[in-house]
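Residue-level structure breakdown
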Amino acid sequence: MLYSSLLFIYGFLPLSLLIYIITPESLKKTVLFILSMIFCALNSLKFLEFMIIYTFINYIAGAFIWILREKKALSAVPMFMGILFDVVMIFTFRTESFAFLKKNIPEEFFPLGISFFTLSAIGYLIDIYKRRIRAERNFIKFGLYLMMFPKIIMGPIVSYNTFKRMFKSHKSDLSEMGIGFTIFVKGLVKKVVAADTMYMLYTAVKNVDIWKMPFINAWLGMTAYMLCLYFTLSGFADMGTGIGYCFGFRFPQSFNYPVFSTKIRNFVSNWHIQIVSWFRRYVSKPLCKLGESRFYRNVIYIMTWCVIGLWYRFDANGLLWGCFIGLSVVVEKLFGRTKLLKATGIIYTYAVIMICAVFLSGESISYSFNYLLAMLGGNKIFADSLTLYLLKYYTLLLLICTYFSTNLFRNMVMRSGKTKLRMIMGIFSPIMTVFLLAICTALISYNGISEMILMKL
Amino acid sequence: MKKSKLSDKITAVLIIIFIFSFLILTVFREKKEYSLSENRSLAPYPHFSVQSLEDGSYIRELEAYMADHFAYRDEWVSAKASIESDMCEKIVNGVYIDDERLLNADISDCSISAENITALNKFTEDYSGTVYFTAVPTSTGVYGDILPEYLFLDTEKNQMDSLYTSLDESIRKIDTYNILKMLNDNYIYYRNDTKLTSYGAYYVYRTIIQKLGFLPSSYDKYTIKHITSDFRGNLYSRCLYNGVKPDIIDVYSYSGGAEITNCTAYKNNGMSYRKKLNDTDFLEGDMYRMYLGEEEPFIRIKTSVNNEKKLLLIKDSYADCFIQFLIQHYSEIAVISPEHMEKNISYFVDPNNYEQTLFLFGIDSMENEKLFELINK
């Protein structure tokens, strides 16, 4: 069950919200944990079994690290064991390796969100080892950290410390719920309207022979892919965040309008913020301590992005994507003094990001290079009849998607201050939210679900 | 700040009302088993078991159940078609939406199954009479040039050519593609369905009957009756798009000609009953069934023609409106629908009692590899 399904929106979500509201304050956590277990079980019982074992092993590992905290060397043992387990699990399900572990598990079984909660779990273990936090005694609390249903599917990930603080400041009331629904519907629109249509455009472009792909189509297709990826990931993150708000948890924002930035550095710092900062915190920072030189730090930076690339896509394509992104940031820093006009900055950042995205999207390295050739005009075709057709039907949509992938709209509302615009927005936004929910319902009504997720993370 | 809090509260209340009203409407809605507009059975409530929960099939079925029985499903789906066709490409659930007509655009990987060709050749080998074969294009084959270029690859024409060449030489192939393509300014295909209209079927009949050794009856001999002008076909059922005009179903009757003296349908369990052709009772459900009524594996039609000529017609639904033209030429027509056969053909009829066998299929049926599984002994 994904968040973008009728059964979730018109079944699980309202019922669980109702149950949650009527339970007394002292039992709320337990009830939320049970609801999350039901959510897992509704995906499949296997998923619940997996999650419980997974949570339990990490819980035990955390407890052992804490018990042995006085002896640094000894406490590293449970930490490494725990991390090893998490890493083996993610490799088992995301790649073909460790196939013997999957013997009793049906082939189509995939614990959706594993890439996200693995990061949460590893971060938790390292934090205990570093004595930033205590091990959690309460299994339910820790279980919620990994399994809470608003965040389990590609939802926002936070460090355990932040999570605990969110728990303390947790409050659910009607206006909080209103914010939650607004964010949820925003995420749903991103997924169902933007990502799904951009995916159609991308597949329409890709449908032709790569050797005959015209220049314009190649750029259209890659723009569509990038927007589709952005709207899928941020859509799910928003839906998760929105549900979190409904239950009184203020999750942080995952994306801060990265796609059209003036610098690659801005793209990097606004893209999938919690994921990127997780890798910075647990991968690059410890390594940076080992060396001082600028060269060494740059190498570490690029390497971290290679790992992030592998996190998105575990093969040479993902590696290359990460590598190129890291490399372009480093190069940009070297020329950091060069003043650029805002428009020039946006164009050059866009071009670099698109060229990198070719590697994230292509099914193989050779395909990606062929695609790149098409983007550079190597096929010697500028446009064809398909270009006209696609431009005719997608230009408006592309413009709208582009507009909403920038912060222009938000800034307009924010800067308006106490003027009329804000009041109009206040009146307009509730109606708009319901209207958009209705649109999304119509769009998923045929299959009952919008399943395209682009990447199994 | 105060304002935005108020507006958040209003949002919360409105959304809660919206979601809960559809939840309640869905739960207490009268559950139908069959959707007339979509012309298909709706998903049943899934059977609960630990096994089905374990492998996740329970939840998948529950999702399908929820989608099929969601309150005002038809309206939602129609709205989806309108929104999608306005918003971007005019393709909804694999159906291309043009102002004039709907077309199947889901033609990515269709290919004619080799099993069918083998079965047809085998049938011809064992058969004493002459075999005629016709594949009828779908509306996409005839009107496909209005599709966006990347979807229209002229596959049906190529499929037909390769099919005709791979069939045994003793099978007489009758091409209908060119004549239909030539006439495509006329109302030869339904706007909301992939199939031929009676008018289109008349031209197919003209082509075929000459090859079968008869002179075709001229068009003005027929009295044409409009049975309904509200027909929505299989393409409509897939997208529920209301913007294309509904279709007209016609019945052609030959004034003063031969009549049906006996029409009997046979079921897979051996039961048989008298069948009424062009039965307007069927206009309540899937209107296209009006021609032949309930789908049966075998129908035997006897006519008042006195020429002792007998035809075995092996067909799919494309031929339903075609049969009305054959009545003037044969004293007996045996109609076999392999899609509905559960038993071997010899259970119903011995092909060797018929000197001519005509295969008449929509080209899209030939993708079904099990189609001719039971036509050989």
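**A look at the overall build of chain B**
Across its full length, chain B holds eleven helices and 15 strands. Taken over the C-alpha atoms alone, chain B extends approximately 90 × 50 × 40 Å along its principal axes. When the 377 residues of chain B are sorted by exposure, 55% land in the buried category. Contacts spanning at least 24 positions in sequence make up 71% of the contacts within chain B whose residues lie at least 6 apart. If you sum the accessible surface of chain B, you get close to 17000 Å²; carbon and sulfur atoms cover 50% of it. One finds the centroid of the 40 positive side-chain charges in chain B at a distance of 4 Å from the centroid of its 56 negative side-chain charges.

**Thoughts on the sheet that holds strand E7 (residues 172–173) of chain B**
Residue and element names in this part refer to chain B. In spatial order, the strands read E7-E6-E15-E13-E14-E12-E10-E11; together these eight strands make up an open sheet with mixed pairing. The open sheet has two free edges, formed respectively by E7 and strand E11 (272–274), since each of these has just one partner strand. Note that strand E6 (residues 130–136) and strand E15 (residues 356–362) share seven bridges and pair parallel. Paired with Thr134 across the strands is Leu360, a residue of E15. Set on the sheet, helix H7 (residues 155–166) makes contact with E6 and E7; between it and E6 the angle comes to about 165 degrees.

**Brief notes about the packing of helix H3 (residues 45–67) of chain A against helix H4 (residues 72–94) of chain A**
Residues and elements named next belong to chain A. Their axes nearest at 7 Å, the elements H3 and H4 cross at an angle of 160 degrees. Comparing the axis directions of H3 and H4 gives the class roughly antiparallel. Once H3 is placed against H4, the crossing between them reads as left-handed. For the pair formed by H3 and H4, the contact residues are Phe50, Tyr54, Ile57, Asn58, Ala61, Phe64 and Ile65 on the first element and Ser75, Pro78, Met79, Gly82, Phe85, Asp86, Met89 and Phe93 on the second. Taken together, the residues of the contact of H3 with H4 break down into eleven nonpolar, three polar and one charged.

**Structural notes on the interface of chain B and chain A**
With 47 residues of chain B in contact, the opposing surface of chain A contributes 54 residues. Here chain B meets chain A over a buried area of about 4600 Å², counting both sides, of which 74% is carbon and sulfur. The three residues of chain B that bury the most area against chain A are Glu54(B), Glu63(B) and Tyr150(B), which together make up 13% of that side's buried surface. Taken together, chain B and chain A are joined by one salt bridge. Its salt-bridge partner being Lys46(A), residue Glu54(B) comes within 2.8 Å of it at the nearest N-O pair. Seen at the junction of chain B and chain A, the total is six residue pairs in polar contact (both at pLDDT 80 or more). If you tally residues by element for the side of chain B that touches chain A, the top one is helix H1 (residues 2–27) of chain B, at 17 residues. A per-class count over the side of chain B that touches chain A returns 28 nonpolar, four polar and 15 charged.

**A short note on the domain arrangement of chain A**
Residues and elements named next belong to chain A. With domains assigned, chain A is organised as domain 1 (6–170) and domain 2 (176–262 + 340–444). Placing a centre on the C-alpha atoms of domain 1 and another on those of domain 2 gives a separation of 30 Å. Taken together, the 22 residues of domain 1 in the interface contact 21 residues of domain 2. Summed over both partners, the interface of domain 1 with domain 2 comes to about 2000 Å²; 85% of that surface belongs to carbon and sulfur atoms. One can count zero salt bridges joining domain 1 with domain 2.

**Observations regarding the side chain of Thr232(A)**
All names here are of chain A. Along the chain, Thr232 falls in helix H10 (residues 215–246). At 2.5 Å, the side chain of Thr232 and the backbone oxygen of Cys228 are in polar contact. Non-local contacts of Thr232, meaning those with residues more than four positions away in its chain, are made with Lys191, Ala195, Met452 and Ile453.

**Details of the packing of aromatic side chains**
For any pair of aromatic rings, the description rests on two quantities: the centre-to-centre distance and the angle between the ring planes. The final tally for this structure, using the stated rule, is 91 aromatic pairs over all chains. Arranged with centres 5.5 Å apart and planes meeting at 80 degrees, the rings of Tyr222(B) and Tyr254(B) form a pair that is edge-to-face. Placement of Tyr222(B) in strand E8 (residues 222–231) and of Tyr254(B) in strand E9 (residues 247–254) is noted, with a sequence separation of 32 residues between them. Ring pairs connect the aromatic residues Phe33(A), Phe56(A), Tyr59(A), Tyr124(A), Phe139(A), Phe142(A), Tyr145(A), Tyr160(A), Phe163(A), Phe167(A) and Phe249(A), which therefore count as one cluster.

**Some details on the sheet that holds strand E5 (residues 102–104) of chain B**
Residue and element names in this part refer to chain B. Strand order in this open sheet of three strands is E3-E4-E5, and the pairing throughout is antiparallel. Two strands close off the open sheet at either side, each with one partner strand: strand E3 (91–92) and E5. Sheet topology places E3 next to strand E4 (residues 95–97); two bridges connect them, and they run antiparallel. Opposite Val92, over in E4, you have Val95 as the bridge partner.

**Points about a nonpolar patch on the surface**
Taken together, Ile53(A), Phe56(A), Ile57(A), Ile60(A), Phe64(A) and Ile67(A) make up a surface patch of nonpolar side chains, about 550 Å² in accessible area. Relative to the helices and strands, Ile53(A) is located in helix H3.

**As for the nonpolar core**
If you look at the biggest cluster of nonpolar residues, it comprises 234 residues, and the most contacted ones within it are Phe8(A) and Trp271(A). In terms of residues, this core owes the most to one element, H10(A), which gives 17 residues. When we break this core down by domain, the ones giving at least three residues each are domain 1 (6–170) and domain 2 (176–262 + 340–444) of chain A. Excluding its chain neighbours within four sequence positions, the residues that come into contact with Phe8(A) are Met1(A), Leu2(A), Tyr3(A), Leu13(A), Pro14(A), Phe39(A), Phe149(A), Phe184(A) and Ile243(A). In this structure, Met160(B), Leu163(B), Tyr164(B) and Ile345(B) belong to the second largest nonpolar core, which totals 32 residues.

**What to know about the state of the cysteines**
Residues and elements named next belong to chain B. Across all of its chains, the model carries zero disulfides over all chains by this definition. Just so you know, Cys321 is unpaired, no disulfide at all, and the nearest cysteine sulfur is the one on Cys263, 16 Å from it. The exposure class assigned to Cys321 is buried, which follows from its relative accessible area of 0%.

**A word on empty space enclosed by the protein**
Any empty space left between atoms is shown by rolling a water-sized probe over those atoms. Residues and elements named next belong to chain A. Across all of its chains, the model carries four cavities of 30 Å³ or more by this definition. A volume near 70 Å³ is recorded for the largest cavity. The wall of the largest cavity is formed by Lys186, Lys190, Tyr230, Ser234, Asp238, Gln253, Ser254, Phe255 and Tyr257. Where the lining of the largest cavity is concerned, the elements lending two or more residues are helix H9 (174–206) and H10. A total of three residues in the lining of the largest cavity trace back to one element, the largest contributor, which is H10. Grouping the constituent residues of the lining of the largest cavity by class yields three nonpolar, three polar and three charged.

**Considerations on helix H1 (residues 6–22) of chain A**
In an α-helix, one turn spans 3.6 residues, which is why side chains three or four residues apart end up on the same side. Residue and element names in this part refer to chain A. Spanning 17 residues, H1 covers 24 Å between terminal C-alpha atoms, matching the ideal 24 Å at 1.5 Å per step. Within H1, the axis deviates most sharply at Phe12, by approximately 30 degrees, and proline Pro14 lies no more than four positions further along. The complete set of buried residues in H1 reads Leu6, Leu7, Phe8, Ile9, Tyr10, Gly11, Phe12, Leu13, Pro14, Ser16, Leu17 and Tyr20.

**Here we look at the packing of helix H13 (residues 294–312) of chain A against helix H14 (residues 316–334) of chain A**
Pairs of packed helices are described in terms of their axes, by the angle between the two and the distance that separates them. Residues and elements named next belong to chain A. In the contact formed by H13 and H14, the axes pass within 6 Å of each other and the chain directions differ by 145 degrees. The two elements H13 and H14 meet at a crossing, and its hand is right-handed. Of the residues in H14, those touching H13 at Arg294, Asn298, Tyr301, Ile302, Trp305, Cys306, Gly309, Leu310 and Tyr312 are Gly318, Leu319, Trp321, Gly322, Cys323, Ile325, Gly326, Leu327, Val329, Val330 and Leu334. Residues that form the contact of H13 with H14 fall into these classes: 14 nonpolar, five polar and one charged.

**Observations concerning the pattern of salt bridges**
If you walk through the whole model with that rule in mind, you get 27 salt bridges over all chains. Where Glu70(A) meets Arg69(A), a salt bridge forms, and the shortest distance between an N and an O atom there is 3.9 Å. Among the residues examined, Glu70(A) registers a relative accessible area of 62% and is labelled exposed. Across the pair Arg300(B) and Glu332(B) runs a salt bridge whose closest N-O atoms are separated by 2.9 Å. You can see Arg300(B) sitting in strand E12 (residues 298–303) and its partner Glu332(B) sitting in strand E14 (residues 332–336), a full 32 residues away along the chain. Among the residues examined, Arg300(B) registers a relative accessible area of 21% and is labelled partly exposed. Where salt bridges share partners, they join Glu38(B), Arg40(B), Asp68(B) and Arg73(B) into one cluster.

What counts and what doesn't
Residues numbered from 1 in each chain as written. Chains lettered and ligands numbered in written order. Predicted model: local features only at pLDDT ≥ 70, side-chain atom pairs only at ≥ 80, totals over all residues. Heavy atoms only, no water. Helix = DSSP H or I, 4+ residues; strand = E, 2+ residues; numbered from the N terminus. Buried < 20%, exposed > 50% of the residue type's maximum accessible area, 1.4 Å probe, protein only. Contact = heavy atoms within 4.5 Å. Areas by Shrake-Rupley, 256 points an atom, 1.4 Å probe, with all protein chains shown as cover. Lys, Arg positive; Asp, Glu negative; His and termini not counted. Charge placed at Lys NZ, Arg CZ, Asp CG, Glu CD. Pairing = 2+ DSSP bridges. Axes fitted to C-alpha atoms, helices over the stretch in contact; angles between N-to-C directions. Parallel < 35°, antiparallel > 145°, perpendicular 65-115°, else oblique. Left-handed = near helix turned anticlockwise from the far one by under 90°. Nonpolar A, V, L, I, M, F, W, Y, C, P; charged D, E, K, R; others polar. Buried area = accessible area lost by both parts, 1.4 Å probe. Salt bridge = Lys/Arg side-chain N within 4 Å of Asp/Glu carboxyl O. Polar contact = N/O pair within 3.5 Å; in protein donor to acceptor, adjacent residues only side chain to side chain. Domains from an automatic or database assignment. Phe/Tyr/Trp six-rings, centres within 6.5 Å; stacked < 30°, edge-to-face > 60°. Patch = residues over 30% accessible without salt bridge, like charges linked within 9 Å, V, L, I, M, F, W, Y side chains within 5 Å. Core = buried A, V, L, I, M, F, W, Y, C linked by side-chain atoms within 4.5 Å. Disulfide = S-S within 2.5 Å. 1 Å grid on protein atoms, 1.4 Å probe; cavity = no way out; pocket = protein on both sides within 12 Å on 5 of 7 lines; lining within 4 Å. Points joined across faces, edges and corners; volume = space filled by probe spheres on them. Expected span 1.5 Å × (residues − 1). Bend = angle between axes of the 7 residues up to and from the residue.

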